[in-house]
Amino acid sequence: MSEKSWLTEVPQLDRHQLLDIRKTLDGAYRSFSREYGDTIEAFFDPLLTFLIWFEKLLLSTPWWLVIAVLAAFAYLASRSWKLTLGVAGSFFLIGYFGMWDNTMRTMSIILVSTLLSVIIGLPIGIAMARSNRVQSFVTPVLDIMQTMPAFVYLIPVVMLLGIGKIPGVIAVIIYSVPPVIRLTNLGIRLVDKEVLEAATAYGANSMQRLFGVQLPLAMPNIMAGINQTIMMALAMVVIASMIGVKGLGQPVLKSITNQYFTLGLLNGLAIVALAIIFDRISQSYAKRTLQSFEGK
Amino acid sequence: MSNNKQQNNKNKTPLIRIKNLYKIFGDNEKKVLEKVKAGQSKDQILAETGHTLGLSDINLDIYPGEIFVIMGLSGSGKSTLIRHFNRLIEPTAGAIEIDGQDVMTLSTSELQNFRRHKMSMVFQRFGLMPHRTVIENIGYGLQVQGVKKSERHERADQWLKTVGLEGYANQFPNQLSGGQQQRVGLARALCTDADILLMDEAFSALDPLIRSEMQDQLIGLQEKLHKTIVFITHDLDEALRLGDTIAILRDGILVQQGAPVDILLNPADDYVEAFVKDVNRARALTVETVMQPQICRIASETIGEAVAQMRQSKHDYGYVVNDDGYQGIITQDTLDNVEQSDYSNAIDSSLLEDVPGVQGDALLETVIPEMLDNVLPLPVLNEDGEVEGNLSRSTLAEILSDQAKSGTNNSNSA
């Protein structure tokens with residue numbers, strides 16, 4: 001420590017100590033990634049295969065079939081012709097302005113990330129709802145995941161796995177999984193105590209309570225969480241493109257560096273269109289599950 | 001009638017037996033239990049330890065086939081108590097025996113099995129599952145048991161009809177009125193064929209008209225089904241109407257336990273007395289519980305014997321009975337007017353005052369019109385038509401006046 005008074009100056013580690021800390025941590029992580037990088041990459045291989053397969057599937061399907069399938073989904077979820085036509089129209093326009101392939105790539109990564117977020121998030125949310133201890137441990141972790149700048153956790157991910165689809169998906173999931181966890185937890189905790197008590201009183205075991213009462217009654221909240229997860233995944237598209245994820249993010253990134261206003265605007269609008277479509281579809285599905293409780 | 005039932009119960013074994021049950025809410029139940037047993041009050045314990053005394057030294061015997069009402073104001077621990085029966089709440093200390101089985105020794109899966117088959121429960125706010133249709137709600141208990149869907153629906157459908165909700169099978173609970181929803185709750189409870197029905201303030205959330213309709217329905221069903229029903233309520237009128245036995249809880253302590261008449265006429269303390277004060281006694285008490293058993297019964301053939309029998313009693317009227325049962329009242333005045341020479345004649349109907357008899361199990365309310373039409377005390381008849389006692393205007397007036405004290409005296413003399 002220096003001789004200056006701690007009253008006027010913030011007490012501070014000196015440079016050498018800071019440097020040592022950085023060197024130690026960086027060195028440790030580097031050797032960790034050298035040691036285990038391949039193993040971890042191998043672990044993610046099936047996911048990569050799936051991602052590539054899904055992207056190819058979307059790209060090789062004729063455009064009219066993709067639009068038809070999406071429109072059918074929109075109709076099934078919402079039973080609204082307006083939304084269905086809106087979906088079909090927007091996708092046609094996206095293709096018309098030459099963004100079809102990038103949109104399909106983005107969609108594939110968004111859908112896979114959302115699927116994984118739900119697969120990871122639901123059990124964590126359930127565990128949180130069951131135990132206050134788990135909740136008090138997971139909540140601050142979720143806070144960190146949502147506020148830590150994406151670039152910061154991109155560094156170790158890229159160091160470990162290089163650039164490409166898998167680190168992109170991981171970054172997207174880290175950013176977008178918290179809502180589904182939080183709202184699953186909240187939804188289960190909000191389930192009417194008396195209904196749950198009734199299930200217990202009739203001898204339901206914990207699985208029967210979970211799948212017969214808690215999850216169905218929490219479904220509107222869980223759907224709201226999935227909706228938020230999709231929105232946040234879309235928000236990560238541009239950042240993910242910085243580590244080599246192909247899709248609508250890359251032209252946007254190119255527009256920033258080269259000041260192509262129109263290109264940026266068009267691709268930005270395509271992201272917005274995707275967001276609105278996914279949002280409306282998942283929201284109207286949530287609304288319909290809620291309405292069935294009210295018997296409408 | 002209730003008294004008789006109590007007598008009969010002495011010979012039966014209780015279906016539910018609660019012994020020395022304590023429940024303390026807080027982190028350190030066992031330690032606080034010592035203080036409770038040392039006799040500290042609920043307030044003292046809360047002030048000293050921050051623990052809430054939920055139930056203290058509860059002892060109950062509930063017999064098969066009876067409606068056992070547990071009554072108390074909010075916070076008295078009645079809902080806590082009923083949740084001990086199927087261990088939705090774990091006691092701090094004490095024993096719970098159902099059908100000879102110590103519920104406290106059951107493992108998790110045994111407890112689940114026990115809840116599936118032994119008991120079912122009806123809740124204050126219905127506790128129906130909003131995402132299931134009415135028929136699926138009714139069949140829920142069976143589904144948990146693993147009964148196949150077709151059989152489940154078949155059995156649920158029967159109960160749906162029994163509670164009068166035909167045609168509502170595929171509605172969702174939220175489409176139904178409160179009364180209808182609770183009927184679904186009742187049907188769900190009956191659908192598992194459990195012997196014991198726990199009803200936690202089942203009718204409290206309903207408006208008065210629907211509530212009394214539901215009470216009638218429950219009484220009607222009970223006559224057919226003979227379940228053992230534990231019914232929680234804060235409403236004494238409801239307790240008196242439904243209960244074969246009533247237990248009154250206050251601050252987690254069982255203040256009084258007994259037949260409705262005992263509670264009404266011999267309140268154990270000021271608390272129960274305050275409760276009982278506002279009760280419409282005319283609707284709660286039956287004739288036989290307040291009648292005077294000392295009567296002059298005239299069973300003679302001739303007028304002469306009647307005069308002799310009348311002299312032996314201190315009354316100036318007598319109830320004439322023959323093999324066909326009660327015939328009418330004969331008064332001293334009438335007998336005085338009969339010539340001595342006619343004493344060997346049989347008593348004929350022209351000498352009798354035509355005073356109707358009242359049934360012993362009738363509610364006081366229903367005999368008021370007859371009371372007003374006749375000056376003489378009405379004869380009280382039992383099921384076989386025999387005269388058991390009488391009910392005079394003054395007795396009735398005394399009982400119906402709101403002084404519990406006078407009620408107490410009266411029943412002592414009765």
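In every chain, residue numbers begin from 1 and rise along the written sequence. Chain letters start at A and ligand numbers start at 1, both assigned in the order the entries are written. Owing to the predicted nature of the model, reporting of local features is limited to residues with pLDDT of at least 70; listing and counting of side-chain atom pairs is limited to 80 or more, with chain, interface and lining totals taken over all residues.

1. Here's the deal with the overall build of chain B
Part 1 of the reasoning: Across its full length, chain B holds 20 helices and 16 strands.
Part 2 of the reasoning: Counting only C-alpha atoms and orienting by the principal axes, one finds that chain B spans roughly 85 × 55 × 35 Å.
Part 3 of the reasoning: Partly exposed residues are those whose C-beta has more than 12 but fewer than 20 other C-beta atoms within 10 Å; 20 or more makes a residue buried and 12 or fewer makes it exposed, with C-beta atoms placed from the backbone. Every one of the 414 residues in chain B was classed for burial, and the buried ones make up 41%. A helix here means a DSSP run of H or I that spans at least four residues, while a strand means a run of E at least two residues long, and both kinds are numbered starting from the N terminus.

2. Describing the pairing of strand β9 (residues 245-250) of chain B
Residue and element names in this part refer to chain B.
Part 1 of the reasoning: Along β9, six of the six residues are buried, which leaves the element largely enclosed by surrounding structure.
Part 2 of the reasoning: In this sheet, β9 lies alongside strand β3 (residues 67-71) in parallel orientation, the contact comprising four bridges. Its bridge partner lying in β9, Met71 is registered against Ile248.
Part 3 of the reasoning: One ladder, built from five bridges, connects β9 with strand β10 (residues 253-258); its direction is antiparallel. Its bridge partner being in β10, Leu249 is matched across the sheet by Leu254.
Part 4 of the reasoning: Two strands are said to pair when DSSP picks up at least two bridges between them. Two successive antiparallel strands, β9 and β10, enclose a turn made up of two residues, where Asp251 displays a positive phi of approximately 50°.

3. A word on the sheet that holds strand β16 (residues 387-391) of chain B
Neighbouring strands of a sheet are bound in pairs by backbone hydrogen bonds; such pairs are parallel or else antiparallel.
All names here are of chain B.
Part 1 of the reasoning: Across the sheet, which stays open at both edges, the three strands sit in the order β14-β15-β16 with mixed pairing between neighbours. Both edges of this open sheet fall to β14 (358-359) and β16, since each of them pairs with a single strand only.
Part 2 of the reasoning: In terms of strand pairing, strand β15 (residues 378-381) meets β16 through four bridges, oriented antiparallel. Bridge pairing links Val380 to Gly389 in β16.
Part 3 of the reasoning: Any residue pair is listed as a contact if its two C-beta atoms, each placed from the backbone, are within 7 Å. Angles run from 0 to 180 degrees between N-to-C directions of axes, and those axes are lines fitted to C-alpha atoms, restricted for helices to the stretch in contact. On top of the sheet, helix α18 (residues 364-373) reaches β14, β15 and β16; it is set at about 145° to β15, its chief contact.

4. Some words on the nonpolar core
Part 1 of the reasoning: Within the largest apolar cluster, 172 residues are counted, with the highest numbers of intra-cluster contacts made by Ile70 and Val230 of chain B.
Part 2 of the reasoning: A total of twelve residues in this core trace back to one element, the largest contributor, which is helix α7 (residues 165-189) of chain A.
Part 3 of the reasoning: Per the annotation, domain bounds derive from an automatic or database assignment of domains. When we break this core down by domain, the ones giving at least three residues each are domain 1 (2-118 + 194-279) and domain 2 (289-413) of chain B.
Part 4 of the reasoning: When near neighbours in sequence (up to four residues on either side) are disregarded, Ile70 of chain B contacts Lys78, Leu81, Ile82, Val230, Ile232, Ala247 and Leu249 of chain B. As used throughout, a nonpolar core is a set of buried Ala, Val, Leu, Ile, Met, Phe, Trp, Tyr and Cys residues joined through C-beta atoms within 7 Å of each other.

5. Brief notes about the packing of helix α8 (residues 193-201) of chain A against helix α9 (residues 206-235) of chain A
Residues and elements named next belong to chain A.
Part 1 of the reasoning: Remark: α8 packs on α9, axes separated minimally by 10 Å, with the N-to-C direction vectors making an angle of 165°. What the angle tells us is that α8 and α9 run roughly antiparallel. The crossing of α8 and α9 is right-handed. Facing Val195, Leu196, Ala199 and Thr200 of α8, the residues of α9 in contact are Gln208, Arg209, Gly212, Val213, Gln214 and Leu217.
Part 2 of the reasoning: Partitioned by chemical class, the residues of the contact of α8 with α9 number five nonpolar, four polar and one charged. Roughly parallel covers angles under 35 degrees, roughly antiparallel covers those over 145, roughly perpendicular covers 65 to 115, and oblique covers all other angles. We call a crossing left-handed when the near helix sits turned anticlockwise from the far one by less than a right angle, and right-handed when that turn is clockwise. Any residue outside Ala, Val, Leu, Ile, Met, Phe, Trp, Tyr, Cys, Pro, Asp, Glu, Lys and Arg is labelled polar, Gly included; the first ten of those are nonpolar and the last four are charged.

6. Quick notes on the interface of chain B and chain A
Part 1 of the reasoning: The partner chain A presents 18 residues to the 21 residues of chain B that form the contact.
Part 2 of the reasoning: Elements with a minimum of two residues in the side of chain B that touches chain A: α5 (108-117), β6 (119-122) and α7 (140-145) of chain B.
Part 3 of the reasoning: Of all the elements, α5 of chain B adds the most residues to the side of chain B that touches chain A, at four residues.
Part 4 of the reasoning: Among the residues making up the side of chain B that touches chain A, the classes are represented as eight nonpolar, ten polar and three charged.

7. Notes on helix α4 (residues 100-130) of chain A
Part 1 of the reasoning: Counted at 1.5 Å a residue, the expected span for α4 of chain A with its 31 residues is 45 Å, and the 44 Å between its end C-alpha atoms agrees.
Part 2 of the reasoning: At any given residue, the bend is defined as the angle formed between two axes, one fitted to the seven residues that end at that position and one fitted to the seven that begin there. Considering bend angle alone, the principal kink of α4 of chain A is centred on Gly121 of chain A and spans about 25°; proline Pro123 of chain A follows within four residues of it. Helix span, as expected, comes to 1.5 Å for every residue beyond the first.

8. Description of the packing of α7 of chain A against α9 of chain A
Packed helix pairs are specified by the crossing angle of their axes together with the interaxial distance, meaning the distance between the axes.
All names here are of chain A.
Part 1 of the reasoning: Taken N-terminus to C-terminus, the directions of α7 and α9 make an angle of 160°; their axes are 7 Å apart at the nearest point. As the angle between them shows, α7 and α9 are arranged roughly antiparallel. Between α7 and α9 lies a crossing of right-handed hand. For the pair α7 and α9, the contacting residues are Val172, Tyr175, Ser176, Val177, Pro179, Val180, Arg182, Leu183, Thr184, Leu186, Gly187 and Ile188 in the first and Gln214, Ala218, Asn221, Ile222, Ala224, Gly225, Ile226, Gln228, Thr229, Met232 and Ala233 in the second.

9. Things to note about the sheet that holds strand β11 (residues 297-298) of chain B
Residue and element names in this part refer to chain B.
Part 1 of the reasoning: Judged by pairing direction, the sheet is mixed, and its three strands sit side by side in the order β11-β12-β13 without closing on themselves. Here the strands that pair on one side only, and so sit at the sheet edges, are β11 and β13 (325-331).
Part 2 of the reasoning: Both strand β12 (residues 317-322) and β13 contribute to a ladder of six bridges, which runs antiparallel. Among the inter-strand pairings, Val321 is bridged to a residue of β13, identified as Tyr326.

10. Looking at the environment of Tyr140 of chain B
Part 1 of the reasoning: By secondary structure assignment, the location of Tyr140 of chain B is in helix α7.
Part 2 of the reasoning: When the 24 C-beta atoms within 10 Å are taken as the criterion, Tyr140 of chain B is described as buried.
Part 3 of the reasoning: In sequence terms Tyr140 of chain B and Arg188 of chain B are 48 residues apart; their C-alpha atoms lie 7.0 Å from each other.
Part 4 of the reasoning: Residues in contact with Tyr140 of chain B, not counting those within four places in the same chain, are Tyr202 of chain A together with Met129 and Arg188 of chain B.

11. Section: the environment of Glu370 of chain B
Residue and element names in this part refer to chain B.
Part 1 of the reasoning: By the element assignment, Glu370 lies in helix α18.
Part 2 of the reasoning: Under the C-beta neighbour-count criterion, Glu370 is labelled partly exposed, with 15 such atoms within 10 Å.
Part 3 of the reasoning: Separated by 15 residues in sequence, Glu370 and Val355 place their C-alpha atoms 8.7 Å apart.
Part 4 of the reasoning: Those residues in contact with Glu370, other than ones at most four positions away along the chain, are Pro356, Val358 and Leu378.

12. Quick look at the confidence of the model for chain B
Residue and element names in this part refer to chain B.
Part 1 of the reasoning: Think of pLDDT as the predictor's per-residue confidence, scored from 0 to 100. Predicted confidence across chain B gives a mean pLDDT of 85, with 94% of residues reaching 70 or more.
Part 2 of the reasoning: Considering only residues more than four positions removed or in separate chains, one finds that residues 1-7, a stretch of pLDDT under 50, has nine contacts.
Part 3 of the reasoning: Low confidence marks residues 404-414, where pLDDT is under 50. Its contacts with residues over four positions away, or in another chain, come to 19 contacts.
Part 4 of the reasoning: Scoring of the predicted complex yields 0.79 for pTM and 0.78 for ipTM.

13. Let's talk about the domain arrangement of chain B
Part 1 of the reasoning: According to the domain assignment, chain B contains domain 1 (2-118 + 194-279) and domain 2 (289-413).
Part 2 of the reasoning: Inter-centroid distance (C-alpha atoms) of domain 1 of chain B to domain 2 of chain B is 41 Å.

14. With respect to the environment of Phe91 of chain A
All names here are of chain A.
Part 1 of the reasoning: Within the secondary structure layout, Phe91 lies in helix α3 (residues 81-96).
Part 2 of the reasoning: The exposure class of Phe91 is buried, given the 25 C-beta atoms found within 10 Å.
Part 3 of the reasoning: Considered as a pair, Phe91 and Phe261 are 170 residues apart in the sequence and their alpha carbons are 22 Å apart.
Part 4 of the reasoning: The contact partners of Phe91, leaving out residues within four places of it in the chain, are Ile67 and Leu70.

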